[in-house]
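# Descriptive structure summary
Here is what each chain is made of, one letter per residue.
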Amino acid sequence: MSSYEGNSCRSCATPLPAPQAGSCGECLKERPVFSKVISFGIYKGTLKEAIGLFKFSGIRRLSKPLGGLLSGLNIPKADCIIPVPLEIHGLKERGFNQSLLIAKELSQALKIPLFQDVLYKKRRTLPQIGLSASERAVNLKDAFGVKRRLDDKEVLLVDDVMTTGATVKECSKELIKAGGSRVTVVVLARAEM
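Now for a quick tour of the structure. (Residues numbered from 1 in each chain as written. Predicted model: local features only at pLDDT ≥ 70, side-chain atom pairs only at ≥ 80, totals over all residues. Heavy atoms only, no water.)

The helix and strand inventory of the chain stands at seven helices and six strands. Along the chain, from the amino end to the carboxyl end, the secondary structure elements read α-β-α-α-β-α-α-β-α-β-β-α-β. Within the chain, the fraction of its 193 residues that count as buried is 49%. In the chain, 73% of the contacts between residues at least 6 apart in sequence involve partners at least 24 apart. For the chain, the centre of its 30 positive side-chain charges and the centre of its 19 negative side-chain charges are spaced 2 Å apart. (Helix = DSSP H or I, 4+ residues; strand = E, 2+ residues; numbered from the N terminus. Buried < 20%, exposed > 50% of the residue type's maximum accessible area, 1.4 Å probe, protein only. Contact = heavy atoms within 4.5 Å. Lys, Arg positive; Asp, Glu negative; His and termini not counted. Charge placed at Lys NZ, Arg CZ, Asp CG, Glu CD.)

On to the packing of aromatic side chains, then. Taken as a whole, this structure holds one aromatic pair when the rule is applied. Centre to centre, the rings of F54 and F96 are 5.8 Å apart; their planes meet at 40 degrees, and the pair counts as tilted. Residue F54 is found in helix α2 (residues 45-56), and its partner F96 is found in the loop between α4 (88-94) and α5 (98-110); the two are separated by 42 residues along the sequence. We classify F54 as buried; its relative accessible area is 0%. Over the ring of F115 we find R148, and its NZ or CZ is 4.7 Å from the ring centre. (Phe/Tyr/Trp six-rings, centres within 6.5 Å; stacked < 30°, edge-to-face > 60°. Lys NZ or Arg CZ within 6 Å of the ring centre and 35° of its normal.)

This paragraph deals with the sheet that holds strand β2 (residues 80-83). The sheet built from four strands is open, its strands ordered β1-β6-β5-β2 with parallel pairing. Looking at which strands have only one partner, the edges of the open sheet turn out to be β1 (36-42) and β2. Ignoring strand direction, the axes of neighbouring strands in this sheet form an average angle of 20 degrees. Along the sheet face, α2 touches β1, β5 (154-162) and β6 (182-190) and points at about 100 degrees away from the line of β6. (Pairing = 2+ DSSP bridges. Axes fitted to C-alpha atoms, helices over the stretch in contact; angles between N-to-C directions.)

Here we take up the nonpolar core. Among the nonpolar cores identified, the biggest contains 29 residues, and F34, I82, L150, L157, L175 and V185 are the most heavily contacted of them. Put simply, the parts of the chain that give this core at least two residues each are β2, β5, α7 (166-177) and β6. In contact with V185, not counting residues within four places along its chain, are F34, K36, V37, I38, L157, V168 and S172. (Core = buried A, V, L, I, M, F, W, Y, C linked by side-chain atoms within 4.5 Å.)

On to the pattern of salt bridges, then. This structure, assessed with the given rule, holds nine salt bridges. Between D117 and R148 there is a salt bridge, with its nearest N and O atoms 3.4 Å apart. You can see D117 sitting in the loop between α5 and β3 (119-121) and its partner R148 sitting in the loop between β4 (144-146) and β5, a full 31 residues away along the chain. You can call D117 partly exposed: its relative accessible area is 41%. Across the salt bridge formed by R182 and E154, the nearest N and O atoms sit 3.0 Å from each other. With R182 in strand β6 and E154 in strand β5, the pair connects residues that are 28 residues apart, well separated along the chain. (Salt bridge = Lys/Arg side-chain N within 4 Å of Asp/Glu carboxyl O.)

Structure (structure tokens):
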């Protein structure tokens, strides 16, 4: 499986049709809180199938090869890696946090400390699947919190799939409020918009 090499937004990694377009309409309208998104590929085909088996069929051993895909990307230096958290009920239902397992692999490969106890989900939210971009943003507003200060740390925020970006925007906002100096989002797959 090879990484996506096509045109994409320099901020949020949304695939773009034109090579001369540097930013998508959403990022031109409102600059994201995170510095940029680094994505391995587009959420379709074999990558989508592998993520689905990992996340929904509970095949945890896929975290190693999927995390390995991320470690091969051009990721900037950072002080810590923080996974997107699951709310406690979601964690009990799934049995594991897929973002945490991927983040562990990336942490080991890049020798960057994993901070798994900093970011947390404060409340239960509706599943994001099937919600529009505006509904996703409302659904996740103030859903995340931070347990301790980040003291000017550069953060790699890790998630499996980025669709509209509502989750990583909310997480990034909280990490910056907690003293993070920069948040770079690293995801396995970016959905086509």
